[in-house]
Amino acid sequence: MRVTVLYFAWLRERIGEPREEVETSVATVADLMAELATRSEGHALAFADRTSLRVALDQELADFSAPLAGVREVAFFPPMTGG
Amino acid sequence: MSTLPNRVRVQTEPFDLGAEANAFAASLSQAGAVVTFTGLVRDNGGHLLAMEIEHYPGMTERAIAAMVAEAKARFALEDALVIHRYGRLAAQEPIMMVATAARHRGDAFAAAEFLMDYLKSRAPFWKKEISVSGADWVAAREADEAALERWQE
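Residues numbered from 1 in each chain as written. Chains lettered and ligands numbered in written order. Predicted model: local features only at pLDDT ≥ 70, side-chain atom pairs only at ≥ 80, totals over all residues. Heavy atoms only, no water.

(A) Fine view of the nonpolar core. Residue and element names in this part refer to chain B. Residues I64, V98, L115 and L119 are the most contacted members of the largest nonpolar core, which totals 34 residues. Contributing elements (two or more residues each) for this core: strand 1 (8-11), strand 2 (33-40), strand 3 (48-55), helix 2 (59-74), strand 4 (77-85), strand 6 (94-102) and helix 3 (105-122). The element contributing the most residues to this core is helix 3, with eight residues. Discounting residues that sit within four places of it in the chain, L115 has contacts with M67, V68, A71, A80, V98 and T100. (Core = buried A, V, L, I, M, F, W, Y, C linked by side-chain atoms within 4.5 Å. Buried < 20%, exposed > 50% of the residue type's maximum accessible area, 1.4 Å probe, protein only. Helix = DSSP H or I, 4+ residues; strand = E, 2+ residues; numbered from the N terminus. Contact = heavy atoms within 4.5 Å.)

Pasting the structure below:
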């Protein structure tokens, strides 16, 4: 399946791109993170510490164990700091 | 939900706190209490050149609208308004505001705190401090995450 992957804040800076189109057959967010981490040194650095990452699936916060079936947009970012 | 689109605004432009609060109060028909909160860009070390705020267009508006809907379900609110800016801001500039309206002040105060606690940790915004010594992403505070616990049932 094909998903759009978005990066924000320091993830975007480490990876060097705000978004990429990814062809994948993995089942969960955690699997996708492992796969993305192999793409470049920047990716590996960005995904090195999962405790400092959050994920949204089609713009809803989700867990790393969440399945990817039917998901079109996956966003990775650090903990939010609004307000 | 009945939240009108202009009750959740994510924008780069400055807003006029007084004008927004007055217009919000003037639109009400039942409320006896309006609470407003405004967040300003804080310059902790006195060396801040600018604050850059990034957000996730689309999700940001949806997440805040869901928080407003949740606030209306929990508290006896007549209405609520949230404005949050993004882009490059200078020290002491207003970043965001929340206004809540209820028949009595208890609900208005509680709903404003609820919305602020959720906006801090669950709305997709990220702050970067630009200072004379460089640029740093603001880290999330444990206290902000802990503040959410009091609202869990």
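(B) Summary view of the packing of helix 2 of chain B against helix 3 of chain B. Residues and elements named next belong to chain B. At a minimum axis distance of 10 Å, the contact between helix 2 and helix 3 shows a crossing angle of 150 degrees. In this view, helix 2 runs roughly antiparallel relative to helix 3, as classed from their interaxial angle. In this structure, helix 2 crosses over helix 3, and the sense of that crossing is right-handed. Counted together, A63, I64, M67, V68, E70, A71 and R74 of helix 2 and F114, L115, Y118, L119 and R122 of helix 3 form the full contact between these two elements. Along the lines of polarity and charge, the residues of the contact of helix 2 with helix 3 split into nine nonpolar, no polar and three charged. (Axes fitted to C-alpha atoms, helices over the stretch in contact; angles between N-to-C directions. Parallel < 35°, antiparallel > 145°, perpendicular 65-115°, else oblique. Left-handed = near helix turned anticlockwise from the far one by under 90°. Nonpolar A, V, L, I, M, F, W, Y, C, P; charged D, E, K, R; others polar.)

(C) Geometry of the interface of chain B and chain A. If you look at the interface, chain B gives 25 residues, while chain A gives 21 residues. At the boundary of chain B with chain A, the tally comes to three salt bridges. For the salt bridge of E60(A) with R62(B), the shortest nitrogen-to-oxygen distance reads 3.0 Å. The tally of links between chain B and chain A comes to 14 residue pairs in polar contact (both at pLDDT 80 or more). (Salt bridge = Lys/Arg side-chain N within 4 Å of Asp/Glu carboxyl O. Polar contact = N/O pair within 3.5 Å; in protein donor to acceptor, adjacent residues only side chain to side chain.)

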